[in-house]
Amino acid sequence: YNILSFIILISKFLFNRKMKIYTICDDSLEIARQCRGIRKFMRSILLFLFTGIILADKKALDWYKNNLSHRAELIYFPIIQNNRLFRQRLEKVVDLSVRKRKRYMLENKTVLLYVGRLVEVKNIFFLLEVYKSVRKKHMDTSLVIVGEGRLKDSLIKYTNEEALSENVLFTGKEEGDELFSWYN
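Residues numbered from 1 in each chain as written. Predicted model: local features only at pLDDT ≥ 70, side-chain atom pairs only at ≥ 80, totals over all residues. Heavy atoms only, no water.

**Considerations on the nonpolar core**
Then comes step 1: One finds Y1, F50, I53, L55, Y64 and L74 to be the most contacted residues of the largest nonpolar core, which totals 19 residues.
Then comes step 2: Secondary-structure elements contributing two or more residues to this core are α2 (29-34), α3 (37-49), β2 (52-55) and α4 (58-67).
Then comes step 3: Counting residues per element, this core draws most heavily on α4, at four residues.
Then comes step 4: If we ignore the near neighbours within four places in the chain, the residues touching L74 are L47, I53, L55, L61, Y64 and K65. (Core = buried A, V, L, I, M, F, W, Y, C linked by side-chain atoms within 4.5 Å. Buried < 20%, exposed > 50% of the residue type's maximum accessible area, 1.4 Å probe, protein only. Helix = DSSP H or I, 4+ residues; strand = E, 2+ residues; numbered from the N terminus. Contact = heavy atoms within 4.5 Å.)

**Concerning the environment of K109**
Then comes step 1: Here K109 is to be found in the loop between α6 (94-103) and β4 (110-115).
Then comes step 2: We classify K109 as partly exposed; its relative accessible area is 25%.
Then comes step 3: Once the C-alpha coordinates of K109 and D140 are considered, the two residues, 31 residues apart in sequence, prove to be 5.0 Å apart.
Then comes step 4: Setting aside its immediate chain neighbours within four residues, K109 contacts R101, D140, S142 and N167.

Below you can see the structure in the form of structure tokens.
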């Protein structure tokens, strides 16, 4: 619930009134209850002007439904994993994570991680532009890109042209323990 939300709404009313606007809200129950000031005001307005709000916490969703007036559709989408199970999976692959750090020479570096499809809608070229800026100030960083997609070859070519290839690693698609090791 920020100024960008209102800019999008203004665009809708000026250019395309039929546009549907959904947003994702990762409020926990505690954050939803403690919302104050301008953020609370903006939330109350956007609950009527957005088409839908997707909440990642079931308790927060129930609280929204029972305590807030809304016209927006409230949707539960559990994008956040069970913390205990997630930590167990991460602990299980620590050795694999350590091996990858050594193999890809990532020791003593801050690793920035992207996991997802390599397609236009994900705007990976913008991510690489931002990484170039980060790299100027923080030379001890590397960017790891986990995923596949039709832009992979173009992205690799771009990293070569921009002299980023030594610091950007494309792993391809990874799943299961291989993927979880990157989160570590």
